[in-house]
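The residues making up each chain are set out below.
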Amino acid sequence: EQPIFSTRAHVFQIDPNTKKNWVPTSKHAVTVSYFYDSTRNVYRIISLDGSKAIINSTITPNMTFTKTSQKFGQWADSRANTVYGLGFSSEHHLSKFAEKFQEFKEAARIAKEKSHEKMELTSTPSQESAGGDIQSPLTPESINGTDDERAMPEVTQNSEPRAEPTQNALPFTHSSTISKHWEAELATLKGNNAKLTAALLESTANVKQWKQQLAAYQEEAERLHKRVTELECVSSQANAVHTHKTELNQTIQELESTLKKKEEEIEGLKQEIENARELQAQRDSLTQKLQEVEIRNKDLEGQLSDLEQRLEKNQNEQETFRNNLKTLLEILDGKIFELTELRDNLAKLTECS
């Protein structure tokens, strides 16, 4: 058998107790394949989880694959007495699987019809021959004949072969060659009849031996069947242990990978903490400098205020000085004018005297 179509999906089976809940048979997505068995002319759906077969379903014409959601489908297998469910990663994969199911279901129906036709064709000639030749089941009496039949073997041998030639016989006057031909046919039939009688006698003698061998074979087959059942139980247990071990190894690998990631995250957090500490130290230093700058700024503001007050005072003093100087200049101008008048008056007096 070779896979003719494969896909990946999560496999479920219906709970045999409740017939309602789904029980996952695979912890992760596994390969689900269609197989064609050319010897039996059947199609099967097979899925393996490690070495364990979680799906082994033969497709029959009365099966139906149902889409219950955009990514989930199911079908019932009456031979396995269960319902299988598949969860796909996308709606496209589900549709593709459903198309292949319908295609192989139709192929199984056609193959079944062809096999029925072949069986009917093979059974029809046998029934016709059975109606003409075999009227009762094969028994030792029918093989060896009854006492009356064994008492007259020659009569049977002579009468039966001659029945057919007498029905189809031609007049003796036509040809002597036909007579010789029928005599040769009669001798051949007698020889064949003797051989068949000997073979029947020999087969009758071997019937008991065959029955004994068949019983021994049945006992051996039963013993081998029990042994195979025991080995299958042991094999299933070994497969379960192997699967459990594989799952544990996968879990350990996942935990190691998670632990490694956590260690890397811890290292990154430590580095971030160191950077945060450096930033905190820089922040404290800048805060202290800012406080010093603020204190100095306050001192400068005080000095600026004093300078403004002194400047205002100086401006007031200068204004007063200007006013006093202006008054003094006005007085001086008056005095100069008076001195000028006095000089003029003295000059006039001088000229008059």
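Everything discussed here concerns the structure shown above.
Given the structure is predicted, the values throughout are model-derived calculations rather than measurements.

Chemist: In this structure, what is going on with the packing of aromatic side chains? I would like to understand it.
Modeler: Each pair of aromatic rings is reported with the distance of its centres and the angle of its planes. This structure, assessed with the given rule, holds 14 aromatic pairs. Taken together, a centroid distance of 5.5 Å and an interplanar angle of 40 degrees make the contact between F65 and F101 tilted. Taken as a pair, F65 in the loop between β5 (52-58) and β6 (66-67) and F101 in helix α1 (residues 91-132) lie far apart in primary sequence, 36 residues in all. In terms of burial, F65 and F101 fall into one category: buried. A network of ring pairs unites the aromatic residues F5, Y34, Y36, Y43, F65, W75, Y84, F88, F97, F101 and F104 as a single cluster.

Chemist: Got a minute to help me understand a nonpolar patch on the surface in this structure?
Modeler: Together, F321, L325, L328, L329, L332 and I336 line one region of the surface with nonpolar side chains, adding up to about 580 Å² of accessible area. By the secondary structure assignment, L329 is in helix α5 (residues 177-352). Given a relative accessible area of 43%, L329 falls into the partly exposed group.

Chemist: Whenever I open this one, the pairing of strand β8 (residues 82-87) confuses me. Can you help?
Modeler: Two faces belong to every sheet, and in a regular strand the side chains alternate between them. Judged by how many residues are buried, β8 sits mostly within the fold: five of six residues are covered. The pairing of strand β1 (residues 3-14) with β8 spans four bridges and is classified as antiparallel. Of the residues in β8, the one forming a bridge with V11 is L86. Where strand β7 (residues 72-77) and β8 come together, six bridges link them in antiparallel fashion. Within the sheet, the bridge partner assigned to Q74 lies in β8 and is G85.

Cut-offs and rules
Residues numbered from 1 in each chain as written. Predicted model: local features only at pLDDT ≥ 70, side-chain atom pairs only at ≥ 80, totals over all residues. Heavy atoms only, no water. Phe/Tyr/Trp six-rings, centres within 6.5 Å; stacked < 30°, edge-to-face > 60°. Helix = DSSP H or I, 4+ residues; strand = E, 2+ residues; numbered from the N terminus. Buried < 20%, exposed > 50% of the residue type's maximum accessible area, 1.4 Å probe, protein only. Patch = residues over 30% accessible without salt bridge, like charges linked within 9 Å, V, L, I, M, F, W, Y side chains within 5 Å. Areas by Shrake-Rupley, 256 points an atom, 1.4 Å probe, with all protein chains shown as cover. Salt bridge = Lys/Arg side-chain N within 4 Å of Asp/Glu carboxyl O. Pairing = 2+ DSSP bridges.

Interpretation in functional terms is not warranted from these geometric data alone.
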